[in-house]
Amino acid sequence: KILDAQEEEMGSALSKFKVIQVFAQQLCGISEERVLRAALSYLDEAGSIIYPYRNEQLRNTIVTNPSWLFKIFNVVSSTNRPAPQFSLDWDRVRKDGVMSWS
C-alpha cells in the first residue's frame, strides 16, 4: 500500500527513506523508524523492493519497483555505443562496473 502510493504520487520507482516514512505514517500509522526499517528489510529479502540497508551511502534510497532497475541494467549492458554525453560513464561501467548517480 505504501509503495504503491509512493510510486503513484511521485511517479518514480526510486524513493528516499524520508518519503517512504511520510507515506508509512499517513497510510499505516507506522511512526517508529526502526519498525519501518525492519519492514523495508523484510520486503527487500522477499524481493519486493531493493533496500540496500547494509550500505551506509545507499541505505536511504529504496527501489520500490525492482523490475524498473533491471530494465535500466538491461539497457546499459546491451548498448554497444553510448551517447557521447555518457561516454566517460560508459567507460567506467565497462571497466569497474560502477555507474554514477547523476
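Residues numbered from 1 in each chain as written. Predicted model: local features only at pLDDT ≥ 70, side-chain atom pairs only at ≥ 80, totals over all residues. Heavy atoms only, no water.

K.L.:
Which residues make up the overall build of the protein, and what are the values?
P.N.:
Within the protein, the secondary structure is distributed over 5 helices and 2 strands. Overall, the protein shows an N-to-C arrangement of helices and strands of α-β-α-α-β-α-α. A total of 102 residues make up the protein; the buried ones form 25% of that total. (Helix = DSSP H or I, 4+ residues; strand = E, 2+ residues; numbered from the N terminus. Buried < 20%, exposed > 50% of the residue type's maximum accessible area, 1.4 Å probe, protein only.)

K.L.:
Please provide a residue-by-residue account of a nonpolar patch on the surface, values included.
P.N.:
A surface patch of nonpolar side chains, amounting to about 380 Å² of accessible area, comprises Trp-68, Phe-70, Ile-72 and Phe-73. Residue placement: Phe-73 occurs in helix α4 (residues 66-78). A relative accessible area of 38% means that Phe-73 is categorised as partly exposed. (Patch = residues over 30% accessible without salt bridge, like charges linked within 9 Å, V, L, I, M, F, W, Y side chains within 5 Å. Areas by Shrake-Rupley, 256 points an atom, 1.4 Å probe, with all protein chains shown as cover. Salt bridge = Lys/Arg side-chain N within 4 Å of Asp/Glu carboxyl O.)

K.L.:
Explain the pattern of salt bridges to me, and be specific about the residues and the numbers.
P.N.:
Tallied over the entire structure, the rule returns 2 salt bridges. With its nearest N and O atoms 3.3 Å apart, the salt bridge here joins Glu-32 to Arg-34. Glu-32 sits in the partly exposed class, given a relative accessible area of 42%. On the basis of relative accessible area, Arg-34 is assigned to the exposed category, the value being 61%.

K.L.:
Account for the side chain of Thr-61, naming residues and giving values.
P.N.:
Locating Thr-61 in the fold gives a position in strand β2 (residues 61-63). Among the polar contacts made by the side chain of Thr-61, one reaches the side chain of Lys-16 at a distance of 3.2 Å. (Polar contact = N/O pair within 3.5 Å; in protein donor to acceptor, adjacent residues only side chain to side chain.)

K.L.:
Break down the packing of helix α2 (residues 17-28) against helix α3 (residues 33-46) for me, citing the residues and quoting the values.
P.N.:
Pairs of packed helices are described in terms of their axes, by the angle between the two and the distance that separates them. At a minimum axis separation of 11 Å, α2 and α3 run at an interaxial angle of 105°. For the element pair α2 / α3, the angle class is roughly perpendicular. When α2 is examined against α3, the residues Phe-17, Ile-20, Gln-21 and Ala-24 are found in contact with a partner set consisting of Glu-33, Leu-36, Arg-37 and Leu-40. For the contact of α2 with α3, the class distribution of residues is 5 nonpolar, 1 polar and 2 charged. (Axes fitted to C-alpha atoms, helices over the stretch in contact; angles between N-to-C directions. Parallel < 35°, antiparallel > 145°, perpendicular 65-115°, else oblique. Contact = heavy atoms within 4.5 Å. Nonpolar A, V, L, I, M, F, W, Y, C, P; charged D, E, K, R; others polar.)

K.L.:
Tell me what's going on with the side chain of Gln-21, and back it up with residues and numbers.
P.N.:
Along the chain, Gln-21 falls in helix α2. We classify Gln-21 as buried; its relative accessible area is 19%. Apart from the residues lying within four places of it in its own chain, the contact partners of Gln-21 are Glu-33 and Leu-36.

K.L.:
Now, about the packing of aromatic side chains: what can you tell me, with residues and values included?
P.N.:
Aromatic ring pairs are described here by two measures, namely the spacing of the ring centres and the angle between the planes. One pass over the full model with this rule turns up 1 aromatic pair. Measuring from ring centre to ring centre gives 5.4 Å for Tyr-51 and Tyr-53, while their planes differ by 35°; the resulting arrangement is tilted. Pair check on accessibility: Tyr-51 and Tyr-53 agree, each one buried. Positioned over the ring face of Phe-17 is Arg-37, at 3.8 Å from the centre of the ring. (Phe/Tyr/Trp six-rings, centres within 6.5 Å; stacked < 30°, edge-to-face > 60°. Lys NZ or Arg CZ within 6 Å of the ring centre and 35° of its normal.)

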